[in-house]
Amino acid sequence: GESVGLHLPTLSVQEGDNSIINCAYSNSASDYFIWYKQESGKGPQFIIDIRSNMDKRQGQRVTVLLNKTVKHLSLQIAATQPGDSAVYFCAENLYTGGFKTIFGAGTRLFVKA
Amino acid sequence: EAQVTQNPRYLITVTGKKLTVTCSQNMNHEYMSWYRQDPGLGLRQIYYSMNVEVTDKGDVPEGYKVSRKEKRNFPLILESPSPNQTSLYFCASSLLTNEKLFFGSGTQLSVL
């Protein structure tokens, strides 16, 4: 079925370490994938995206990897900082007569000082 | 400043009393959408609009109405709110469909 899920509901990392947040998606027709960050009391904020014709995309301290063979998406955060503490959502877009965005349930990232 | 503005931020109401949550964006975005966020369920789409006068149902449209009479505004209407509509609501927009979303700050609704 159509679903976007996360392997771990919470992730705790030491400040300065790298973080990896994983996401599984089930719809092979999805062609656009996005990671959002949601801090407490705020709306989700775009971090990075990737189209289905790519397998890796890098931003500032963040990298998204897409493995279409196993329908897996990951977000890597380098040198994790306290300000990275938040809930991270993966999302996939697919066309079903209109474009639909399906969000995963989210992973909460804790950064220990 | 480019933003999506929702109002009110918090709302407490009673069952059956009609309410409207407003959403406005100043980025000339074509696509707008409403989501509700519930613990453990993530974000679920209520309604979306690909352009003026074009709206369509998302995954959980029951009990909600929307309108898109002008490009910048996309109000969410609850004609007869019920307690199961107690939730955190987000409006979002994107320049075109199939692009990254810009979210408002959210509206926490409690229906008693």
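Everything that follows concerns the structure shown earlier in this document.
What counts as what
Residues numbered from 1 in each chain as written. Chains lettered and ligands numbered in written order. Predicted model: local features only at pLDDT ≥ 70, side-chain atom pairs only at ≥ 80, totals over all residues. Heavy atoms only, no water. Helix = DSSP H or I, 4+ residues; strand = E, 2+ residues; numbered from the N terminus. Rg over C-alpha atoms; globule rule 2.2 N^0.38 Å. Buried < 20%, exposed > 50% of the residue type's maximum accessible area, 1.4 Å probe, protein only. Contact = heavy atoms within 4.5 Å. Areas by Shrake-Rupley, 256 points an atom, 1.4 Å probe, with all protein chains shown as cover. Lys, Arg positive; Asp, Glu negative; His and termini not counted. Charge placed at Lys NZ, Arg CZ, Asp CG, Glu CD. Pairing = 2+ DSSP bridges. Buried area = accessible area lost by both parts, 1.4 Å probe. Salt bridge = Lys/Arg side-chain N within 4 Å of Asp/Glu carboxyl O. Polar contact = N/O pair within 3.5 Å; in protein donor to acceptor, adjacent residues only side chain to side chain. Phe/Tyr/Trp six-rings, centres within 6.5 Å; stacked < 30°, edge-to-face > 60°. Lys NZ or Arg CZ within 6 Å of the ring centre and 35° of its normal. Core = buried A, V, L, I, M, F, W, Y, C linked by side-chain atoms within 4.5 Å.

Visitor: Before we go on, may I ask you to explain the overall build of chain A in this structure?
Guide: When its secondary structure is counted, chain A shows zero helices and 11 strands. The N-to-C order of helical and strand elements in chain A reads β-β-β-β-β-β-β-β-β-β-β. Compactness check: chain A gives a C-alpha radius of gyration of 14 Å against a globular reference of 13 Å for 113 residues, within 12% of the reference. In chain A, which comprises 113 residues, the share counted as buried stands at 46%. Nonlocal contacts in chain A, meaning residues at least 24 apart in sequence, comprise 53% of its contacts between residues at least 6 apart. Accessible surface computed for chain A: about 5,400 Å², of which carbon and sulfur atoms make up 47%. Distance from the positive charge centre (11 side chains) to the negative charge centre (9 side chains) of chain A: 1 Å.

Visitor: I'm lost on the sheet that holds strand β3 (residues 19-25) of chain B in this one. Help?
Guide: What links the strands of a sheet is backbone hydrogen bonding, and the strands pair in either a parallel or an antiparallel sense. Residue and element names in this part refer to chain B. The four strands are arranged β1-β3-β8-β7 in an open sheet whose pairing can be described as antiparallel. Strands at the two margins of the open sheet, each flanked by one partner only, are β1 (4-7) and β7 (65-66). Here β7 pairs with strand β8 (residues 76-78) via two bridges, running antiparallel. Paired with V66 across the two strands is L76, which belongs to β8.

Visitor: It is not clear to me how the interface of chain B and chain A should be interpreted in this structure. Could you clarify?
Guide: Accessible area lost when the parts come together is the quantity often used to give the size of an interface. Listed by partner, the interface residues are 20 residues for chain B and 19 residues for chain A. When the two sides are added together, the surface that chain B and chain A hide from each other amounts to roughly 1,600 Å², 52% of it contributed by carbon and sulfur. By the criterion of area lost to chain A, the three top residues of chain B are L43(B), N98(B) and K100(B), representing 36% of everything that side buries. For the interface between chain B and chain A, the tally reads one salt bridge. On the surface where chain B and chain A come into contact, there are eight residue pairs in polar contact (both at pLDDT 80 or more).

Visitor: Just to check I follow, could you spell out the pairing of strand β11 (residues 107-111) of chain B for this structure?
Guide: Working note: regular strand, side chains alternate between the two faces of the sheet. Residues and elements named next belong to chain B. Only one face of β11 is covered, namely the face carrying T107, L109 and V111; the face carrying Q108 and S110 is uncovered. Sheet analysis places strand β2 (residues 10-13) next to β11, joined by four bridges and oriented parallel. Its bridge partner lying in β11, Y10 is registered against Q108.

Visitor: What's the story with the pattern of salt bridges in this structure? I'm lost.
Guide: If you walk through the whole model with that rule in mind, you get eight salt bridges over all chains. R57(A) is the salt-bridge partner of D49(A), the closest N and O atoms lying 2.2 Å from each other. When its relative accessible area of 11% is taken as the criterion, D49(A) is described as buried. You can call R57(A) partly exposed: its relative accessible area is 35%. Across the pair E79(B) and K65(B) runs a salt bridge, and its minimum N-O distance is 2.9 Å. With E79(B) in the loop between β8 and β9 (87-94) and K65(B) in strand β7, this pair connects stretches of sequence that are 14 residues apart. The class of E79(B) is partly exposed, set by a relative accessible area of 35%. A relative accessible area of 42% places K65(B) in the partly exposed class. Among the charged side chains, a salt-bridge network with shared partners connects K18(B), K65(B) and E79(B).

Visitor: What exactly am I supposed to notice about the packing of aromatic side chains here?
Guide: Counting across every chain of the model gives nine aromatic pairs over all chains. When the ring of F103(A) is compared with that of Y35(B), the centres are 5.4 Å apart and the planes differ by 85°; the resulting orientation is edge-to-face. Residue F103(A) is located in strand β10 (residues 99-103), and its partner Y35(B) is located in strand β4 (residues 31-38); the two belong to separate chains. Residue classification places F103(A) among the buried residues on the basis of a relative accessible area of 6%. One aromatic cluster is present, built from ring pairs that chain together Y36(A), F103(A), Y35(B), F90(B) and F103(B). In this structure, R51(A) is placed above the aromatic ring of Y32(A), and the distance from its NZ or CZ to the ring centre is 3.7 Å. Its end group placed over the ring of F46(A), K100(B) keeps NZ or CZ at 4.4 Å from the ring centre.

Visitor: Is there a simple way to explain the nonpolar core in this structure?
Guide: Generally speaking, nonpolar side chains in soluble globular proteins are found buried as a group. Ranked by internal contacts, the top residues of the largest apolar core, which has 20 residues, are W35(A), L73(A), L75(A), Y88(A) and L109(A). Contributing elements (two or more residues each) for this core: β2 (10-14), β3 (19-25), β4 (32-38), β5 (45-51), β7 (62-67), β8 (72-77), β9 (86-95) and β11 (107-112) of chain A. Counting residues in hydrophobic clusters, the runner-up holds 19 residues, among them L19(B), C23(B), M27(B) and I46(B).

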